[in-house]
Amino acid sequence: MTMQKPSDINQLVGRFLDLQEQWEDKPEQFDWPALRVLATAGAHAYNEGNGPSFQILSVDGMRHGEFHLRFLEYSLEAGFEPFKLVQAGPGRPLVEVFAHESLANAAIENPWSAKMLACLQEYARVHAGAMPEEAAVS
């Protein structure tokens, strides 16, 4: 696995936060294509095993809105594999890289999180076998 420089992941996260701020300030004027470009770059970095999961750094623990749903949709369109499991370390078990449980908990109270969860569930249905049993969300 090639490790991406931490500064590269930091740049992705920084750009994400800049775009999120722009969306919060003027959602009606937001540049959705810029978010698509960022989601595509993040999906490729993640799928190539480059560093930590940019998606988790961007989505986990956030108060989700349309911005986050579109980010997830664009990421999936770009080939992001949301049910990927990775080795936690030498001799350690496989773990989820995307925090499905956290998203499921957020979906209880937030309709945008619920839409994101439904998006992932639809992805799993379409890509049969993509969701490992231990990553199943209710």
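Residues numbered from 1 in each chain as written. Predicted model: local features only at pLDDT ≥ 70, side-chain atom pairs only at ≥ 80, totals over all residues. Heavy atoms only, no water.

Caption draft 1: Region of interest: helix H4 (residues 66-77). Compared with an ideal rise of 1.5 Å per residue, which puts 12 residues at 16 Å, H4 spans 16 Å between its outermost C-alpha atoms and is within 8% of the ideal. Downstream of H4 by a residue or two, Gly-79 has a phi angle that is positive, lying close to 100 degrees. (Helix = DSSP H or I, 4+ residues; strand = E, 2+ residues; numbered from the N terminus. Expected span 1.5 Å × (residues − 1).)

Caption draft 2: The arrangement of helix H5 (residues 100-107) in detail. Residues of H5 that are buried: His-100, Leu-103, Ala-104 and Ala-107. In a view along the axis of H5, the buried residues occupy a sector of 100 degrees, so they form one face of it. Buried-residue contacts for H5 involve strand E2 (94-96) and helix H6 (111-126). (Buried < 20%, exposed > 50% of the residue type's maximum accessible area, 1.4 Å probe, protein only. Arc of directions from axis to C-beta. Contact = heavy atoms within 4.5 Å.)

Caption draft 3: Layout of the confidence of the model for the chain. With 75% of its residues at a pLDDT of 70 or more, the chain shows a mean pLDDT of 80. Long-range and interchain partners of residues 134-138, a stretch whose pLDDT sits below 50, account for 12 contacts in this model, where long-range means more than four residues apart. (pLDDT = per-residue confidence, 0-100.)

Caption draft 4: Inspection of the packing of H4 against H6 at higher detail. The interhelical angle for the contact between H4 and H6, taken along N-to-C directions, is 15 degrees, at an axis separation of 8 Å. As the angle between them shows, H4 and H6 are arranged roughly parallel. Crossing of H4 over H6 shows right-handed handedness. Residue-level contacts link Glu-66, His-68, Leu-69, Leu-72, Glu-73 and Leu-76 of H4 to Trp-112, Lys-115, Met-116, Cys-119, Leu-120 and Tyr-123 of H6. Looking at the contact of H4 with H6, its residues break down into eight nonpolar, one polar and three charged. (Axes fitted to C-alpha atoms, helices over the stretch in contact; angles between N-to-C directions. Parallel < 35°, antiparallel > 145°, perpendicular 65-115°, else oblique. Left-handed = near helix turned anticlockwise from the far one by under 90°. Nonpolar A, V, L, I, M, F, W, Y, C, P; charged D, E, K, R; others polar.)

Caption draft 5: Fine view of the pattern of salt bridges. This structure, assessed with the given rule, holds three salt bridges. Note that Glu-66 and Arg-70 form a salt bridge whose closest N and O atoms lie 3.1 Å from each other. Of this pair, Glu-66 and Arg-70 are both found in helix H4, four residues apart, which corresponds to roughly one turn of the helix. Glu-66 sits in the partly exposed class, given a relative accessible area of 27%. Between Glu-122 and Arg-125 there is a salt bridge; the shortest N-O distance is 3.3 Å. (Salt bridge = Lys/Arg side-chain N within 4 Å of Asp/Glu carboxyl O.)

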